[in-house]
Amino acid sequence: MGTLQEMLALLFGENGELRQIIGVTLQMSFTSTTIAVCSGIPLGAFLGISDFKGKRFVMRIVHTLMGLPPVVAGLIVFFLLSRSGPLGQYKLLYSVTAMVTAQVMLIFPVAAGLSASIVSMRAPLVRETAQGIGLSPWTQLAYMLYECRKQLFSVVFTGFGRAISEVGAAQLVGGNIQYKTRVMTTAIVLETNKGNFDKAVALGIVLLIIAFIITSAAQLLQDGRPTDC
Amino acid sequence: MLRLDRVQKSYKGRCVLNIKELAFNKGGRYAIIGPNGSGKSTLLRVLAGVLATDSGQVIYEQGLKPQLGYMPQKPYAYGFSVLRNVSIAIKGQMHSKQAALEALRKVGMERFAHAKGNSLSGGEAQRVALARMIALPRPLLLLDEPTSATDIAGSESVENALLDYCKQTGCTLILATHSLAQAQRVAETIIMLDHGNIAEYGPVNQVLFYPQSEEGQKFIRHWKWS
Amino acid sequence: MKKITSLFLLLILVLGMTSCSSSSQSAASETPAASTPEAATEASPSEPEATEPEQDTAEAPENPIIRLSTTTSVNDSGLLPYLQPAFEADTGYKLEITSAGTGAAIEKGRTGDADLLLVHAKASEEEFIAEGYAPERIPFMYNFFVIVGPTDDPAGVASSENASSAFKAIAEGGYTFISRGDDSGTHKAELKIWETEPNPETDKWYVSAGAGVGACINMASEQQAYVLTDKATYLSHELKDTLSLLLEKSDEMKNTYSMLAVSPDKWPDTNIDGANAFIEWMLSDKATQMINEYGIAEYGEQLFFVE
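As the structure is a prediction and not an experimental result, all values here were calculated from the model.

Enquirer: Would you mind going over the overall build of chain A in detail, with residue names and values included?
Expert: A tally of helices and strands in chain A yields 10 helices and 0 strands. Mapped in sequence order, the helices and strands of chain A form the string α-α-α-α-α-α-α-α-α-α. Projected onto its principal axes, the C-alpha coordinates of chain A cover approximately 65 × 45 × 25 Å. Pairs at least 24 apart in sequence give 80% of the contacts found in chain A among residues at least 6 apart.

Enquirer: Can you tell me about the overall build of chain B, naming the residues and giving the values?
Expert: Counting its secondary structure elements, chain B contains 8 helices and 9 strands. Against the compact-globule benchmark of 17 Å for 226 residues, chain B has a radius of gyration of 17 Å, which places it among compact chains. Seen along its three principal axes, the alpha-carbon backbone of chain B occupies a region of about 50 × 35 × 35 Å. Expressed as a percentage of its 226 residues, the buried residues of chain B come to 45%. Once local pairs closer than 6 in sequence are excluded, the contacts in chain B between residues at least 24 apart make up 65%.

Enquirer: Tell me about the interface of chain A and chain B, and please be specific about residues and values.
Expert: The interface of chain A with chain B comprises 13 residues on the first partner and 16 residues on the second. Those elements that place two or more of their residues in the side of chain A that touches chain B are helix 5 (96-132) and helix 6 (137-147) of chain A. The dominant element in the side of chain A that touches chain B, judged by the number of residues it contributes, is helix 5 of chain A, at 6 residues. Considered class by class, the residues forming the side of chain A that touches chain B number 6 nonpolar, 5 polar and 2 charged.

Enquirer: Could you give an account of the environment of C:Ile129, naming the residues involved and the relevant values?
Expert: Among the structural elements, C:Ile129 can be located in helix 6 (residues 122-130). Not counting residues up to four positions away in its chain, the partners in contact with C:Ile129 are C:Ala134, C:Glu136 and C:Arg137.

Enquirer: Pulling in residues and values, what's your account of the sheet that holds strand 3 (residues 29-33) of chain B?
Expert: Strand pairing in a sheet relies on backbone hydrogen bonds, with the paired strands running either antiparallel or parallel. Residue and element names in this part refer to chain B. Spatially, 6 strands are ordered 5-6-7-3-8-9 in an open sheet, and the strand pairing comes out mixed. Sheet topology places strand 5 (69-71) and strand 9 (197-203) at the edges, where each strand pairs with a single neighbour. Shown here is a sheet whose adjacent strand axes are inclined to one another by a mean of 15°, direction ignored. Of the strand pairs in this sheet, strand 3 and strand 8 (residues 189-194) are connected by 4 bridges, and their pairing is parallel. Residue pairing across strands places Ile33 opposite Met192, the latter belonging to strand 8.

Enquirer: An account of the arrangement of the chains is requested, with residue identities and associated values reported.
Expert: By contact count, the leading pair among the 2 pairs of chains in contact is chains A and C. Without any contact between them, chain B and chain C keep their closest C-alpha atoms 35 Å apart.

Enquirer: Give a detailed account of the confidence of the model for chain B, specifying residues and quantitative values.
Expert: Residues and elements named next belong to chain B. Of the residues in chain B, 96% have a pLDDT of 70 or more, and the chain-wide mean is 89. Taking the mean pLDDT of every element in chain B, the minimum, 83, falls on helix 8 (residues 214-221) and the maximum, 95, on strand 6 (residues 140-144). What the predictor reports for the complex is a pTM of 0.75 with an ipTM of 0.87.

Enquirer: Can you break down the domain arrangement of chain B residue by residue, with the values?
Expert: Residues and elements named next belong to chain B. Domain boundaries in chain B define domain 1 (1-68 + 138-226) and domain 2 (75-137). Look at where the C-alpha atoms of domain 1 and domain 2 centre, and you get two points 24 Å apart. Contacts between the two partners involve 13 residues from domain 1, matched on the other side by 12 residues from domain 2. Where the side of domain 1 that touches domain 2 is concerned, the elements lending two or more residues are strand 6 and helix 5 (152-169). Looking at the side of domain 1 that touches domain 2, the element that brings in the most residues is helix 5, giving 6 residues. Considered class by class, the residues forming the side of domain 1 that touches domain 2 number 7 nonpolar, 5 polar and 1 charged.

Enquirer: Account for the packing of helix 4 (residues 70-81) of chain A against helix 5 of chain A, naming residues and giving values.
Expert: Residues and elements named next belong to chain A. Running from N to C, helix 4 and helix 5 cross one another at 130°; their axes reach a closest spacing of 9 Å. When the axis of helix 4 is compared with that of helix 5, the two are oblique. Crossing hand, helix 4 versus helix 5: right-handed. Across the interface between the two elements, Pro70, Ala73, Gly74, Val77 and Leu81 of helix 4 pack against Ala98, Thr101, Ala102, Met105 and Leu106 of helix 5. Its residues assigned to classes, the contact of helix 4 with helix 5 shows 8 nonpolar, 2 polar and no charged.

Enquirer: If you had to explain helix 7 (residues 163-173) of chain C to someone new, which residues and values would you point to?
Expert: All names here are of chain C. Of the positions making up helix 7, those classed as buried are Ala163, Ala166, Phe167 and Ile170. In an axial view of helix 7, the angular spread of the buried residues amounts to 95°, which keeps them on one side of the axis. Among the structural elements, strand 4 (138-149), strand 5 (177-179), helix 8 (185-193), strand 7 (226-230) and strand 8 (244-248) are those in contact with the buried residues of helix 7.

Enquirer: Kindly report on unusual backbone geometry, identifying the contributing residues and their values.
Expert: In this model, A:Lys91 sits at a positive phi of 50°, which is unusual for a non-glycine residue. Among the secondary structure elements, A:Lys91 is positioned in the loop between helix 4 and helix 5. For C:Gln224, which is not glycine, the phi dihedral falls at a positive 50°. Along the chain, C:Gln224 turns up in the loop between helix 9 (213-223) and strand 7. Overall, C:Gln224 belongs to the partly exposed group, with 16 C-beta atoms counted inside 10 Å.

Enquirer: Lay out the confidence of the model for chain A with the relevant residues and their values.
Expert: Close inspection of predicted coordinates is inappropriate for parts of the model with low pLDDT. Of the residues in chain A, 95% have a pLDDT of 70 or more, and the chain-wide mean is 88. Long-range and interchain partners of residues 225-229 of chain A, a stretch whose pLDDT sits below 50, account for 7 contacts in this model, where long-range means more than four residues apart.

Enquirer: Tell me about the pairing of strand 3 of chain B, residues and numbers included.
Expert: All names here are of chain B. Within strand 3, 5 of the 5 residues are buried, which leaves the element mostly enclosed by the surrounding structure. Residues of strand 3 alternate between two faces, with Arg29, Ala31 and Ile33 on one and Tyr30 and Ile32 on the opposite face, all of them buried. Pairing between strand 3 and strand 7 (residues 172-176): 4 bridges, direction parallel. Residue Ile32 lies in a different strand from strand 7, and its bridge partner there is Ala176.

Criteria and thresholds
- Residues numbered from 1 in each chain as written.
- Chains lettered and ligands numbered in written order.
- Predicted model: local features only at pLDDT ≥ 70, side-chain atom pairs only at ≥ 80, totals over all residues.
- Helix = DSSP H or I, 4+ residues; strand = E, 2+ residues; numbered from the N terminus.
- Contact = placed C-beta atoms within 7 Å.
- Rg over C-alpha atoms; globule rule 2.2 N^0.38 Å.
- Buried ≥ 20, exposed ≤ 12 C-beta atoms within 10 Å, placed from the backbone.
- Nonpolar A, V, L, I, M, F, W, Y, C, P; charged D, E, K, R; others polar.
- Pairing = 2+ DSSP bridges.
- Axes fitted to C-alpha atoms, helices over the stretch in contact; angles between N-to-C directions.
- pLDDT = per-residue confidence, 0-100.
- Domains from an automatic or database assignment.
- Parallel < 35°, antiparallel > 145°, perpendicular 65-115°, else oblique.
- Left-handed = near helix turned anticlockwise from the far one by under 90°.
- Arc of directions from axis to C-beta.

Here it is, written out as structure tokens:
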């Protein structure tokens, strides 16, 4: 019960720190998801409808990248952005920008791979009809995105879920700096290390609730009309 | 206006098309018949350019390829309205909505104009696909069993619409069909395929009543008037 | 097949949950390093004597395993692994060392997950004693925090009289300062030095990192900032050459380490004999000498001092 009180106090009390942390978390997650899906979904859909010589090879690369461990993405971005790295002059390490970069690196392949799979299921049915009436490849892509819109939308939610629960890269390249790059996941790690288990659990519950809302929304979209895909 | 030159196509080790030469004249009406697996669909796909050949080539008259219309056996209808499904085939024309509606009327589908494309049955989807074909003048129509899911009455009205269209536009028509009666009604020339090779070729009544080859005779003897 | 797989998974889940709940009171998680040794000691106090490997000089005690909870800075300095073989050979006990931030390290004593604490946060230790979890604290060694920062030292820390005037110069000049921000011993010591505690929300030069020593040194190197750290960790850090050691041996930066044995009044099963044996050994002449010698060979100077 102490935890429940703690949670409510954190959320609605005088101390606005949790609200600030949630704010940074959402800002980071929205940004990375948007960038990753706006580039990943069209690319994935394009791969799904295309039929070219190296397609299998490209798809294999995409699927491998989907399994990139988050902390490795963090490591790569860390070295890119650190003072001694190629982009060090921009001093981007330990910022929300750095965190977004790492997350985009993670979510983009996921968005592309999932979209390609979704579209590939329907593509063979559509391809010959579309070619037969002379639709341009761009038009075909646009209509295909429309046809699979429900499932592709669920990819957005999948991406968002990944972003919001990511901790390894966020810690590495963000630095968990108070009021700047502290997000819910890194805050939970910190509070646990400090021994404030009640606070950590309260944070965890809030994060869980947010994550569940996202996943449920994705599920609802997935269970769309059965005639789709 | 269109011909094949030493075209070969294999699929999973099996030869599905093997045509030394085959030519189509402008304004002609051709029916491709043959038993299942004889290569009818494959031939149409190759002619339409949606399937690449292993060897040989398809030679088109200048400007023909981008303007032809091809309709697969199981045509796809997008999830938006039927009317829109047809009007997307009409490129860059001002009154495409009207032309689409007119085409739907010709195939007897104008009642479905505002229905969703994914709510159509197989036969309805085929007629919509046909509307796409005839919604604008085309030099060549390639149709793969366009009435396979339609009933007899429907088929006849579709055939009439096709013939009207051909007369008006002077287009070349090549269609695959499993109905010899339909071939007789619609076509002037028959091409019969057997295991990817041309077994029969000639004017419609000549082939149907006096098939020359062994395969031709076997096949045509077992047909059902439908 | 599906049924069997899901039953199997359920079984694993149930086993996992029961072993977790039996080893800690609260719903809290333990650091991953700790979880396997905790589960092992949960078995029973009487381990079979045959399993003691390093048994040439001493006889095996009844409960040979001592769960020692310490902080990341102590662990990162390498002192404990250095002392451990000698202790184990001399006494026949086996040390299971877990490290975490000061807060979590002390919390292990409260939850019964440790027999003995080795920490350096006097106020927190006294709180622990006041709550009855330990009878006393035994301070036995000390070292100094140092202020480390950019080589060009814009705040003039190197020429400051003491730590507080150095911090004052940093605050006045608005030079970036990396704080541990995690309630650790180092953090608490740092807070004491500031005349007016900086506010991470409004003082943009004050970076509250919420991270361990190593990560803070990374950040300081990256941003060419000032940071308070313990000397041992700094010397053993890979990036130490990107920064300079600017101020050391100021009184406010004395860091005292104490041992606390967890009281059997709170946790009857705690290995009080083992804890006391460790404390006794650490206060012995032999240990004193070893501690004083630590670091001289590798870094050229003494890292820990025994009073």
